[in-house]
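Remarks on the overall topology
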Amino acid sequence: MENKADFQYPHTFVLLGASGDLAKKKIYPTIWYLYRDNVLPQNTKFIGYARTKQTLEEVKEKSKKYMKVRPGEESKFDQFWEANDYLAGSYDRRIDYELLNQHISKYEKGLRANRIFYLAVPPTVFEDVTVNIKNACIAIKGYTRVIIEKPFGRDDVTSEKLSKPI
Ligand SMILES: NC(=O)c1ccc[n+]([C@@H]2O[C@H](COP(=O)([O-])OP(=O)(O)OC[C@H]3O[C@@H](n4cnc5c(N)ncnc54)[C@H](OP(=O)(O)O)[C@@H]3O)[C@@H](O)[C@H]2O)c1
């Protein structure tokens, strides 16, 4: 569980597979509701990452229809998108994760900063993604968490492999 003291530090939420169906229908709406309801640390940045070359505006256009914005919430909704960014890159090349790492680091002022990586990608790329996160994107000033969307592997063997430390 998040330590309450961590709430004052920068957090970066990286959504891998940000071009996909799950991202637009479930994850962008969910992070918007958490942001809207002020239950996230104030200084949270959101970075969408996927191979598709697109602008943040295009990501927003695709997700918008799944995100409820009630009357009076329009400016908060704009603020939410101002806290967002999108970066295109591969899942299997370390260099792209080094660029992602540089991108995240720009937001991490101060002594502590935490990183959360959400894998909204097919299970076939879980290994490439987690190995590259470990090699190039581990937080040096705070914790690193990886969230894996179900299905967790394809069977008992692959699911056990995912549970083992790399
Ligand atoms: N959609 C849902 O409602 C839902 C519900 C429960 C669980 N899930 C699970 O969540 C994960 C993501 O689901 P999704 O529906 O969002 O999937 P998706 O749209 O097929 O894939 C998400 C993104 O991953 C990249 N991708 C797709 N196929 C790939 C491949 N063969 N190799 C490398 N990258 C690939 C694509 O992005 P780029 O090409 O831009 O990199 C795509 O936009 C899956 O494991 C799925 O089983 C989805």
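Each value, and the rule that gives it
Residues numbered from 1 in each chain as written. Predicted model: local features only at pLDDT ≥ 70, side-chain atom pairs only at ≥ 80, totals over all residues. Heavy atoms only, no water. UniProt positions renumbered as here; feature names shortened; annotations may be inferred. Near = heavy atom within 4 Å. Polar contact = N/O pair within 3.5 Å; in protein donor to acceptor, adjacent residues only side chain to side chain. Areas by Shrake-Rupley, 256 points an atom, 1.4 Å probe, with all protein chains shown as cover. Nonpolar A, V, L, I, M, F, W, Y, C, P; charged D, E, K, R; others polar. Salt bridge = Lys/Arg side-chain N within 4 Å of Asp/Glu carboxyl O. Helix = DSSP H or I, 4+ residues; strand = E, 2+ residues; numbered from the N terminus. Buried < 20%, exposed > 50% of the residue type's maximum accessible area, 1.4 Å probe, protein only.

As annotated in an unreviewed UniProt entry, the protein is Glucose-6-phosphate 1-dehydrogenase from Bicyclus anynana. According to UniProt, the comment filed for the protein under the heading Catalytic activity (unreviewed entry) is "D-glucose 6-phosphate + NADP(+) = 6-phospho-D-glucono-1,5-lactone + NADPH + H(+)".

With that out of the way, let us pick up the site of the ligand. Around the ligand sit 16 residues in total, of which S19, L22, R51, T52 and Y91 are the nearest. Here a nitrogen atom of the ligand sits 2.9 Å away from a polar atom, N or O, in the side chain of D21. For the ligand, whose accessible area on its own is 870 Å², the fraction buried by protein is 66%. Taken together, the residues that form the shell around the ligand break down as nine nonpolar, three polar and four charged.

This part covers the pattern of salt bridges. Tallied over the entire structure, the rule returns eight salt bridges. Note that E61 and K64 form a salt bridge whose closest N and O atoms lie 3.3 Å from each other. A residue pair is termed a helical-turn pair when its members lie 3 or 4 positions apart in one helix, as E61 and K64 do in helix α2 (residues 56-64) at three residues. Overall, E61 belongs to the partly exposed group, its relative accessible area being 44%. Here R115 and E108 are joined by a salt bridge, their closest N and O atoms 2.9 Å apart. Residues R115 and E108 agree in their burial class; the two are buried.

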